[in-house]
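# A look at the structure
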Amino acid sequence: MPVDISGPRPAAAPRPALSPASLARSLVPTRARLAYTWNNSPSPAWRAARRLADTLGGSVPMIASHTEHGDVSIAYLGLPIGQANILQLLEHQRAGLGLTTAGRETGSVRWRDLAEGRWPDADLVVVGAEARRLRGLPPQGGLTAPFRVHLVVDVPGTEEELQQRISKRERWQFRRNQREHQWTLEEDSSPEALDFFYRRMHLPTMHRRHGDRSRTESLAVARHAILRQGTIFFVTLGGTRVAGALCHWSEDRRTLTTRLLGVLDGRDEHYEKGAFKAVYHLLLRWACANRVPRVDFFGTEAFVSKGIFQWKRKFAPRVELPPNHFATKRMRLYVRRDTPAVRDFLVANPLLRIDRSHALTPVYFTDAGRPPRLDISAQCPGLPEPEIVDLDAFLSSSAGPGETSDGVPR
């Protein structure tokens, strides 16, 4: 029998304690994945937890947005995330009518006051909340829309069929630009590719297009959550990467979702030459060639007049409720004052109404002097013909269309 003559083994040296800075760095991946899961997970358990968190409290923050001459004042109240997308969009659409935002006022409103009919002093009041919360509010003069929608392309089996679905003008423009520039698509999921995309494409593009009001995912979330189950596609011109998209795969890898996009250094020339649009065209061709059933162009607000809705609509996407916690959130638009400017705003901004069965219907306002803006098309697969709503009837009735449209499952 062998005899151990090595003597007692020395005790292992204790591991040095992590400094607070090192500990914080080690937690970055976990915190990034948790943040992304909290905001984007389709899991019923995560959605239920988020829904509960977003219905706590007896009061909500409010921002009132005014113009120089008091035309079309807007009060947004409810979920704070709506301040960064819904209110900004409404201000942008209002500016399209020549009404510039002059200032904002902040405060808070109690749900009890709203339920009893005590409203902020504004022409339009927009409430963003879980659908169940909206049930306690008066339906009169209101219209309920999804908080957000996703535009999802069902990818056909052949490129010929794919091309037939894209609008003729969009198809023609891309083919013309493609002949001139000969773009190619590259896939690269390396950390170095992400750093280049995020710092040289995405951030400059967001800053150029949205300035101080730009909002996006952090680099940590992009690296440790999105890219972890995703990839990056680059559009190249003569060997130079000039545009790109960071995409995320669903768990079953049947849906590829575009999450972050950008062009090199955010330069306008890449928009003018069509490189940004080429991302969508080439990505759909790639999905078709690789038998990917669905490409999700991600979320937008439920206003048909929004530019991104009009642009993505050219690829014949279906309009769906988001797969995450936004599926049960709603936006209710109340008209508090009937003025010419308010009527102009409503006619210029058709939106998607939602009913209790989750059916979406494009709603276009009109009156004797304002024809419905059917030139702002809502045509998408699965959407019904628009509903034309007379403003005289809508504004004078005790309850506007969609008075029970909370659209949440029992």
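So, here is what we can say about the structure in this document. Residue numbers here run from 1 along each chain, matching the order of that chain's written sequence. Confidence filtering applies because this is a predicted model: local features only for residues at pLDDT of at least 70, side-chain atom pairs given and counted only at 80 or more, and all residues used for totals across whole chains, interfaces and linings. In computing side-chain properties, one takes all heavy atoms of the structure into account and sets aside hydrogens as well as water.

### Describing a nonpolar patch on the surface
Note the threshold: Residues enter patches when their relative accessible area tops 30% and they take part in no salt bridge; the joining distance is 9 Å for like charges and 5 Å for the nonpolar side chains Val, Leu, Ile, Met, Phe, Trp and Tyr. Each accessible area is a Shrake-Rupley result for a 1.4 Å probe, and residues are judged covered by the shown protein chains and nothing else. Salt bridges are defined by distance alone: a side-chain nitrogen of Lys or Arg within 4 Å of a carboxyl oxygen of Asp or Glu. To qualify as a helix, a DSSP run of H or I must reach at least 4 residues; to qualify as a strand, a run of E must reach at least 2; elements of each kind are numbered from the N terminus. Three exposure classes are used, based on accessible area relative to the maximum for each residue type with a 1.4 Å probe and protein chains only: buried under 20%, partly exposed in between, and exposed over 50%.
A surface patch of nonpolar side chains, about 270 Å² in accessible area, is lined by Leu 34, Trp 38 and Trp 46. When you line up the elements, Leu 34 lands in helix α2 (residues 28-40). A relative accessible area of 46% places Leu 34 in the partly exposed class.

### Comments concerning the side chain of Arg 332
Definition in use: Polar contact is the term for a pair of N or O atoms within 3.5 Å; when the atoms are in protein, one must be able to donate a hydrogen and the other to accept it, and sequence-neighboring residues count only if both atoms are side-chain atoms.
Take Arg 332: it is sitting in strand β13 (residues 329-335). Take Arg 332: its relative accessible area is 3%, and that puts it in the buried class. Separated by 3.3 Å, the side chain of Arg 332 and the backbone oxygen of Leu 134 make a polar contact.

### Description of the packing of aromatic side chains
Here is the rule: Centres within 6.5 Å make a pair out of two Phe, Tyr or Trp rings, where for Trp the six-membered ring is used; the pair is then stacked when the planes are under 30 degrees apart, edge-to-face when over 60, and tilted otherwise. Either the NZ atom of lysine or the CZ atom of arginine qualifies as a charge over a ring when it sits within 6 Å of the ring centre and within 35 degrees of the ring normal.
Counted according to the given criterion, the structure contains 16 aromatic pairs. Taking the centre distance of 6.2 Å and the plane angle of 55° together, the rings of Phe 196 and Phe 234 count as tilted. Here Phe 196 is found in helix α10 (residues 191-210), whereas its partner Phe 234 is found in strand β8 (residues 230-237), with 38 residues between them in sequence. Their ring planes at 90° and their centres at 5.0 Å tell us that Trp 311 and Phe 315 sit as a pair that is edge-to-face. The same class applies to Trp 311 as to Phe 315, namely buried. Every member of this aromatic cluster is reached through a ring pair, and the members are Tyr 271, Phe 276, Tyr 280, Phe 297, Trp 311 and Phe 315. Between Arg 148 and the ring centre of Phe 326, over which it is positioned, the NZ or CZ distance is 6.0 Å. Above the face of the Phe 234 ring, Arg 241 is positioned so that its terminal group lies 4.2 Å from the ring centre.

### Structural notes on empty space enclosed by the protein
Keep this limit in mind: Put plainly, a pocket is an open set of points on a 1 Å grid over the protein atoms alone with protein on both sides within 12 Å along at least five of seven lines, a cavity is a set where a 1.4 Å probe fits but cannot get out, and a lining residue has an atom within 4 Å of a point. Grid points are joined across faces, edges and corners, and a volume is the space filled by probe spheres set on the points. Side-chain classes follow a simple rule in which Ala, Val, Leu, Ile, Met, Phe, Trp, Tyr, Cys and Pro form the nonpolar group, Asp, Glu, Lys and Arg form the charged group, and the remainder, Gly included, forms the polar group.
Counting across every chain of the model gives three cavities of 30 Å³ or more. Reported here for the largest cavity is a volume of approximately 40 Å³. As for the largest cavity, its lining consists of Phe 303, Leu 333, Phe 345, Leu 346, Asn 349, Leu 351 and Phe 365. In terms of residue class, the lining of the largest cavity is made up of six nonpolar, one polar and no charged.

### Some thoughts on the environment of Met 201
For clarity, the threshold we go by: Working rule for contacts: check all heavy atoms of both residues, and any pair within 4.5 Å makes them a contact.
Note on placement: Met 201 falls in helix α10. In this structure the C-alpha to C-alpha distance between Met 201 and Ala 102, which are 99 residues apart in sequence, comes to 32 Å. Residues within four places of Met 201 in sequence aside, it is in contact with Phe 196, Phe 234, Arg 241, Val 242, Ala 243, Gly 244, Gly 262, Val 263, Leu 264 and Asp 265.

### Focus on the packing of α2 against helix α3 (residues 44-53)
The criterion, for reference: Inter-axis angles, ranging from 0 to 180 degrees, are taken between N-to-C directions of lines fitted to C-alpha atoms, where helices are fitted over the stretch in contact. Our angle categories are set so that under 35 degrees counts as roughly parallel, over 145 as roughly antiparallel, 65 to 115 as roughly perpendicular, and the remainder as oblique.
Here α2 crosses α3 at 80°, and the two axes come no closer than 8 Å. Of the possible angle classes, the one that applies to α2 and α3 is roughly perpendicular. Every residue of α3 that contacts α2 at Leu 34, Thr 37, Trp 38 and Asn 39 is listed here: Trp 46, Ala 49, Arg 50 and Ala 53. When grouped by side-chain class, the residues that make up the contact of α2 with α3 number five nonpolar, two polar and one charged.

### A look at the pairing of strand β6 (residues 149-154)
Look at any regular strand and the pattern is simple: side chains alternate between the two faces of the sheet. Stated precisely, the cut-off is as follows: The pairing criterion is simple: DSSP has to find at least two bridges between the two strands.
Counting buried residues along β6, five of its six residues qualify, which places the element largely inside the surrounding structure. Sheet topology note: the β6/strand β11 (residues 294-300) ladder contains five bridges and is antiparallel. Bridge pairing in β11 places Val 152 opposite Asp 296. Inspection of the sheet shows β6 paired to strand β12 (residues 318-320) by three bridges, in the antiparallel sense. Looking at the pairing, His 150 lines up with Glu 320 of β12.

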